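Secondary and tertiary structure notes
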Amino acid sequence: MSLCIRLLLISLGGLLIAATPSEFTREELKALEAERDAAMRQLKALEEAETTAVRSVSDLESRLIAAALESRRREEQAAASERKLIDLQTRLTSARESLLASDAHLEDLIASLAVSGRHRPPALIASPREANNAIRSAIVMGATAPVLNERTEMLANEIDHLKSLQSQLRREQARLETTEARLDVKKAEIEQLVATKRAQFENVSTEAEALRERVDKIGSEASTLRELLAALETSAPSAPGMKPGRIQLAAASPSQSKRITDAPSPGASTANLKPLGQGALGGLMRPASGMLARSWGDTLPGGETSKGIYIQPRADADVVAPVDGTVEYAGVFRTYGQLLIISTSDGYHILLSGMGRIYGTPGQTVKAGEPVGRMPDRETPPPELYLEVRKAGEPMNPARWMKGG
């Protein structure tokens, strides 16, 4: 849109230069003024359209970031519910086993008492020799009654505890189902917003399709990640240009270009992207919530050393941009699978792989916290997100930029 404004001003300048007779008739002056007024009205309309477009993109980004924050909150709630369910299931199994053991002990005790009850002690007058047995039986009965009461009370408490655990389990399962349902709604909203932003980007860019084809060609020709990054830096433009409007252009002299130096440039959308910065604490967001599976420098199963960090999010979890930047590559690459490369305004490359889907398209700008992809929807093997930071092709420890290290 800014290119349209630039060209319109050049056209207006060309009209004024072309009309250079020493004298003008009143009709010629009126016609020239009418052309000037029409051009100025068109210029004003273009400026308003550009402002609206910028505001629309900014609004979309804000809504995407807000939706991603809400989605992450729901993901964390669901993960907490899942952990609690596992704990409750373990405790429930233990309580059932304890209840069965107590029940078995009580049955043994009752059976012993029943046997003892069927053999009543004889009268002392009839069988004085068996007085000792009678005394022993009385002592056993006196000692068994408190034990029986204690066992019965313990069994009742265990039954109550088991019922309480079962109730907690049902409540937690219902809470998890509610959270999952709300999470699905939020994911659908994110999908719609992402599609809207991408469609808007493709609608105003003249080189979007050519850029994607160029990036795909680079990806197919590069054999290593280093080659891919080098090719992207040397061959791929950082952002597509904007579509020119349907304006009839007139010739203008070079001197007229000075009048439009304040007009926004085609790449002005990247000017408000924050740099990563070599020492910026917290400059790198965690792209997804989940456990840290492997850190920088850890030994991988194949014997290599980790050049980034591995996070284990939930299945189908949203992945957000860790930093402001421009999408340089989005697609399948070698053993990385789905690979997303975001370049920052100060020359860093952020690599994300392990996703099931990628939202970004080459040339698009993204803000930190904006959804850029989604993890695979599977449980086995568990999804794993890989994050790597590179500068001039060299991998660097991401913990240097993450809050808390």
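Structure report, in brief. (Residues numbered from 1 in each chain as written. Predicted model: local features only at pLDDT ≥ 70, side-chain atom pairs only at ≥ 80, totals over all residues. Heavy atoms only, no water.)

1. Some words on the nonpolar core
Convention followed: To define a nonpolar core, start from buried Ala, Val, Leu, Ile, Met, Phe, Trp, Tyr and Cys residues and group those joined through side-chain atoms within 4.5 Å. Exposure is judged per residue with a 1.4 Å probe applied to protein chains only, and the accessible area is read against the type maximum: over 50% gives exposed, under 20% gives buried, and values in between give partly exposed. Starting at the N terminus, helices and strands are each numbered in turn, a helix being any DSSP run of H or I of at least four residues and a strand any DSSP run of E of at least two. Between two residues, a contact is recorded if the distance between any of their heavy atoms is within 4.5 Å.
Of all hydrophobic cores here, the largest spans 26 residues; its most connected members are Leu 276, Leu 284, Leu 340, Ile 350 and Met 355. Secondary structure elements with two or more residues in this core: β2 (309-312), β5 (337-343), β6 (348-353) and β10 (385-391). The contact partners of Leu 284, leaving out residues within four places of it in the chain, are Leu 276, Pro 322, Val 323, Ile 350, Leu 387, Val 389, Pro 398, Trp 401 and Met 402. Of all hydrophobic cores here, the second largest spans 13 residues; its members include Ile 218, Leu 228, Leu 232 and Tyr 329.

2. Looking at the pairing of β6
Under the convention used in this document: Paired strands, in this sense, are two strands between which DSSP finds at least two bridges.
Taking burial as the measure, the six residues of β6 include six buried ones, the bulk of the element. Taken together, the five bridges between β5 and β6 define a ladder with antiparallel strand orientation. Opposite Ile 341, over in β6, you have Leu 351 as the bridge partner. Between β5 and the antiparallel strand that follows it, β6, lie four residues; Gly 347 among them carries a positive phi value of about 90 degrees. Where β6 lies against β10, six bridges are found, and the strand directions are antiparallel. Its bridge partner being in β10, Leu 352 is matched across the sheet by Leu 387.

3. Side note on the pattern of salt bridges
Here is the rule: Here, a salt bridge means any side-chain nitrogen of Lys or Arg that lies within 4 Å of a carboxyl oxygen of Asp or Glu.
Applying the stated criterion across every chain yields a total of 20 salt bridges. In this structure, Arg 374 and Glu 191 form a salt bridge, with 3.2 Å as the shortest nitrogen-oxygen distance. One end of the pair, Arg 374, is in strand β9 (residues 371-374); the other, Glu 191, is in helix α3 (residues 131-204), with 183 residues separating them in the sequence. Overall, the relative accessible area of 21% leaves Glu 191 in the partly exposed class. Shared partners join several salt bridges into a network, and the residues in it are Glu 75, Glu 82, Glu 180, Lys 187, Arg 314 and Asp 316.

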